[in-house]
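Chain residues, written in single-letter form:
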Amino acid sequence: MITVQSVKEDAEVRAIMYIAENQIEALGFTEHSVRHSGIVSKWAGEILEALGADPWRVEMARIAGYLHDIGNSINRNDHAQNGAVLAYHILTRMGMKFLDAADIMMAIGNHDESKGLPVSDITSALIIADKADVHKSRVRTNSTRMSTDNLNIHDRVNLAAEKSYVYVDKQTNEIVLNISIDTQICSVMDYFEIYFGRMQLCRRAADFLGSKFVLIINGSRLV
Ligand SMILES: [Fe+2]
Ligand SMILES: [Fe+2]
């Protein structure tokens, strides 16, 4: 059986993720590599597990989470759609059933807020997990672009995020994104400027899952 672990160890996956991260680094974007993929994989699985999905769907969500950004190996533009097709071919080559690989393909192809929509349970969990990963460790502090004056709003928002995690509150049936922001670095308004569209998509994704999306910033419930 294919597991997220066997996907992580696959030589083709490793090569493509290495190239994807090279491209993202060259473009000066925040980190999208193994750390981000690993976190998104874990959270996507946890969301579906907490909502009572069967173990194979949970594992499929983990696999979708791990592979969701491999399209960055081709081009940042349309990386969701390109990555979806790449993932389909990798997973069927590894022996996954066509139907399951296609389900993961659909989820990956819909994870980006520019064109994506929550069209399945796996897609919805992936969208929320991906948008929840905002953290200062994603900012490339070793980059020459990081001579502080050159920080863009994405860097500032990520750099200000001390802590960010997502969980399902089973009692209230809410999917909660809890973020701590250092307001010396970025205002809550900056965060919203970047994340408004993403939060709307998270709300729709939670709707699809039959839950409510809640955003907590610095202890205050905002959505
Ligand atoms: Fe992405
Ligand atoms: Fe991502």
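Everything that follows concerns the structure shown earlier in this document.
In short, a report on the structure. (Residues numbered from 1 in each chain as written. Chains lettered and ligands numbered in written order. Predicted model: local features only at pLDDT ≥ 70, side-chain atom pairs only at ≥ 80, totals over all residues.)

### Focus on the overall build of the protein
Line of reasoning, step 1. Along the backbone of the protein there are nine helices and four strands.
Line of reasoning, step 2. For the protein, the α and β elements follow one another from N to C terminus as α-α-α-α-α-α-α-α-β-β-α-β-β.
Line of reasoning, step 3. Relative to its length of 223 residues, the protein is compact, with a C-alpha radius of gyration of 17 Å against a globular reference of 17 Å.
Line of reasoning, step 4. In terms of overall dimensions, the protein has a C-alpha envelope of 50 × 45 × 25 Å along the principal axes.
Line of reasoning, step 5. Put simply, the protein has 223 residues, and 46% of those count as buried.
Line of reasoning, step 6. Partitioning the contacts of the protein with sequence separation of at least 6, the portion at a separation of at least 24 is 63%. (Helix = DSSP H or I, 4+ residues; strand = E, 2+ residues; numbered from the N terminus. Rg over C-alpha atoms; globule rule 2.2 N^0.38 Å. Buried ≥ 20, exposed ≤ 12 C-beta atoms within 10 Å, placed from the backbone. Contact = placed C-beta atoms within 7 Å.)

### Thoughts on helix α8 (residues 153-160)
Line of reasoning, step 1. Considered for burial, the residues of α8 that qualify are Asp155, Val157, Asn158, Leu159 and Ala160.
Line of reasoning, step 2. Of the surrounding secondary structure, the elements contacted by the buried residues of α8 are β1 (161-169), β2 (174-181) and α9 (188-208).

### Overview of the sheet that holds β2
Line of reasoning, step 1. Taken in spatial order, the four strands make up an open sheet running β1-β2-β3-β4, and their pairing is mixed. With partners counted over all chains shown, the strands left at the sheet margins are β1 and β4 (220-221), one partner each.
Line of reasoning, step 2. Two strands pair when backbone bridges link them, and β1 and β2 are joined in this way by eight bridges, in the antiparallel orientation. The residue of β2 that forms the bridge with Val166 is Leu177. (Pairing = 2+ DSSP bridges.)

### Overview of the packing of helix α7 (residues 121-132) against α9
Line of reasoning, step 1. Axis separation between α7 and α9 bottoms out at 8 Å; the angle between their running directions is 145°. Seen along the crossing, α7 lies across α9 with a hand that is left-handed. Every residue of α9 that contacts α7 at Ser124, Ile127, Ile128 and Lys131 is listed here: Arg198, Leu201, Cys202, Ala205, Ala206 and Phe208. (Axes fitted to C-alpha atoms, helices over the stretch in contact; angles between N-to-C directions. Left-handed = near helix turned anticlockwise from the far one by under 90°.)

### Some words on the pairing of β2
Line of reasoning, step 1. In β2, alternate side chains face the same way, and those of Ile175, Leu177, Ile179 and Ile181 are buried while those of Glu174, Val176, Asn178 and Ser180 on the opposite face are not.
Line of reasoning, step 2. Between β1 and β2, which pair antiparallel and follow one another directly, the connecting turn spans four residues, one of which, Asn173, has a positive phi of 55°.
Line of reasoning, step 3. Pairing analysis gives six bridges linking β2 to strand β3 (residues 212-217), with the strands arranged parallel. Looking across to β3, one finds that Asn178 is bridged to Ile216.
Line of reasoning, step 4. Crossover connection from β2 via α9 to parallel β3: handedness right-handed. (Right-handed = clockwise from strand over helix to strand, strands pointing away.)

### Observations concerning helix α5 (residues 79-93)
Line of reasoning, step 1. In this model α5 runs 21 Å from its N-terminal to its C-terminal C-alpha over 15 residues, within 8% of the 21 Å that 1.5 Å per residue would give.
Line of reasoning, step 2. All of the buried residues in α5 are His79, Ala80, Gly83, Ala84, Leu86, Ala87, Tyr88, Ile90 and Leu91.
Line of reasoning, step 3. Against the buried residues of α5 lie α2 (11-27), α4 (55-67) and α6 (98-109). (Expected span 1.5 Å × (residues − 1).)

### As for the nonpolar core
Line of reasoning, step 1. In terms of nonpolar packing, the biggest core is built from 64 residues, with Ala44, Ala64, Ala87, Ile104, Ile128 and Ala129 touching the most fellow members.
Line of reasoning, step 2. Residues contacting Ala87, with those up to four places away along its chain left out, are Leu67, Ile70, Ile104, Met105 and Ile108. (Core = buried A, V, L, I, M, F, W, Y, C linked by C-beta atoms within 7 Å.)

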